[in-house]
Amino acid sequence: MRSHFQQVEKLTGTGAAQLRALSILRERPGIRLSELAQAMDVHQSTASNLVKTLLERELISTTHNDSDRRVRHLHLQTAGMKILQRMRGPYIGVLPKALSTLPPHTLQRLNSDLDELIAAMHIDDTAALTPLAEQL
């Protein structure tokens with residue numbers, strides 16, 4: 001996976017998370033930051049930092065909601081689209097892509113095995129509700 005992410009960054013000049021965010025903005029123009037965070041399954045502060053970088057690189061832009069000026073809508077810019085065109089996909093990463101190809105019985109077995117691994121790690125169940133970045 002590390003090799004894949006290095007190849008993606010070399011090809012596009014953009015990290016995998018930024019590439020994923022750009023692809024979501026292409027699919028859902030005008031989404032809000034909270035919606036981007038949800039689509040990426042990351043904490044809103046993580047998405048905010050990602051958006052800040054994309055704005056600084058002028059790969060995306062924002063517009064304000066007419067009824068509530070605090071709400072910003074995110075839009076892909078031409079430079080962001082050009083980056084996506086360099087990478088034909090998958091934008092979701094190699095692991096989620098591979099998981100999506102597995103048959104249901106394999107996914108069930110994998111889920112059961114991962115449950116056993118988690119139990120052996122003696123992890124507090126409430127940690128599942130906290131993004132990994134906040135646990136470090």
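Residues numbered from 1 in each chain as written. Predicted model: local features only at pLDDT ≥ 70, side-chain atom pairs only at ≥ 80, totals over all residues. Heavy atoms only, no water.

Caption draft 1: Just the overall build of the protein, in detail. The number of helices and strands found in the protein is eight helices and two strands. In sequence order, the secondary structure elements of the protein are arranged as α-α-α-α-β-β-α-α-α-α. Looking at the protein residue by residue over its 136 residues, the buried ones come to 24%. For the protein, restricting intrachain contacts to residue pairs at least 6 apart in sequence, the fraction spanning at least 24 positions comes to 48%. Of the roughly 9400 Å² that the protein leaves accessible, carbon and sulfur atoms contribute 53%. (Helix = DSSP H or I, 4+ residues; strand = E, 2+ residues; numbered from the N terminus. Buried < 20%, exposed > 50% of the residue type's maximum accessible area, 1.4 Å probe, protein only. Contact = heavy atoms within 4.5 Å. Areas by Shrake-Rupley, 256 points an atom, 1.4 Å probe, with all protein chains shown as cover.)

Caption draft 2: Just the nonpolar core, in detail. Counting 21 residues, the largest nonpolar core has Leu22, Leu36, Leu54 and Ile60 as its most contacted members. Of all the secondary structure elements, the ones that give two or more residues to this core are helix H2 (16-27), helix H3 (33-40), helix H4 (44-56), strand E2 (72-76) and helix H5 (78-86). Contacts of Leu36, omitting those with residues within four sequence positions, involve Ala21, Ile24, Ile31, Val51 and Leu74. (Core = buried A, V, L, I, M, F, W, Y, C linked by side-chain atoms within 4.5 Å.)

Caption draft 3: Molecular detail of the packing of H3 against H4. Close contact between H3 and H4 brings their axes to 9 Å; oriented N to C, the two are set at 110°. With respect to H4, the axis of H3 lies roughly perpendicular. Residues Leu33, Ser34, Leu36, Ala37 and Met40 of H3 form the contact with H4, whose own contacting residues are Gln44, Ala47, Ser48, Leu50 and Val51. Considering only residue class, the contact of H3 with H4 consists of seven nonpolar, three polar and no charged. (Axes fitted to C-alpha atoms, helices over the stretch in contact; angles between N-to-C directions. Parallel < 35°, antiparallel > 145°, perpendicular 65-115°, else oblique. Nonpolar A, V, L, I, M, F, W, Y, C, P; charged D, E, K, R; others polar.)

Caption draft 4: Representation of unusual backbone geometry within the structure. Located in the positive-phi region is Asp41, a residue other than glycine, with phi close to 60°. The phi angle at Glu58 is positive, at roughly 60°, despite the residue not being glycine. In this structure, Glu58 sits in the loop between H4 and strand E1 (60-64). A relative accessible area of 60% places Glu58 in the exposed class.

Caption draft 5: Inspection of the pattern of salt bridges at higher detail. One pass over the structure, following the stated rule, counts one salt bridge. Arg32 is the partner of Glu35 in a salt bridge, and the nearest nitrogen-oxygen pair spans 3.9 Å. The exposure class assigned to Glu35 is partly exposed, which follows from its relative accessible area of 23%. You can call Arg32 partly exposed: its relative accessible area is 35%. (Salt bridge = Lys/Arg side-chain N within 4 Å of Asp/Glu carboxyl O.)

Caption draft 6: Just helix H7 (residues 104-121), in detail. With 18 residues, H7 ought to run about 26 Å at 1.5 Å a step, and its terminal C-alpha atoms sit 26 Å apart, in line with that. Among the residues trailing H7, His122 stands out with phi positive, at a value near 55°. (Expected span 1.5 Å × (residues − 1).)

Caption draft 7: The packing of H2 against H5, seen in detail. At a minimum axis distance of 10 Å, the contact between H2 and H5 shows a crossing angle of 110°. For the element pair H2 / H5, the angle class is roughly perpendicular. Seen from above, H2 lies across H5 with left-handed handedness. Where H2 approaches H5, its residues Leu19, Leu22, Ser23 and Arg26 are matched on the opposing element by Gly80, Met81, Ile83 and Leu84. (Left-handed = near helix turned anticlockwise from the far one by under 90°.)

Caption draft 8: Representation of a nonpolar patch on the surface within the structure. A contiguous nonpolar surface patch, about 790 Å² in accessible area, is contributed by Leu95, Leu99, Leu102, Leu107, Leu110, Leu114, Leu117, Ile118, Met121 and Ile123. At the level of secondary structure, the elements contributing two or more residues to the nonpolar patch comprise helix H6 (94-101) and H7. Per-element accounting of the nonpolar patch gives the leading share, six residues, to H7. Position of Leu99 relative to the elements: it lies in helix H6. (Patch = residues over 30% accessible without salt bridge, like charges linked within 9 Å, V, L, I, M, F, W, Y side chains within 5 Å.)

All quantities given are derived from atomic positions and should not be read as evidence of function.
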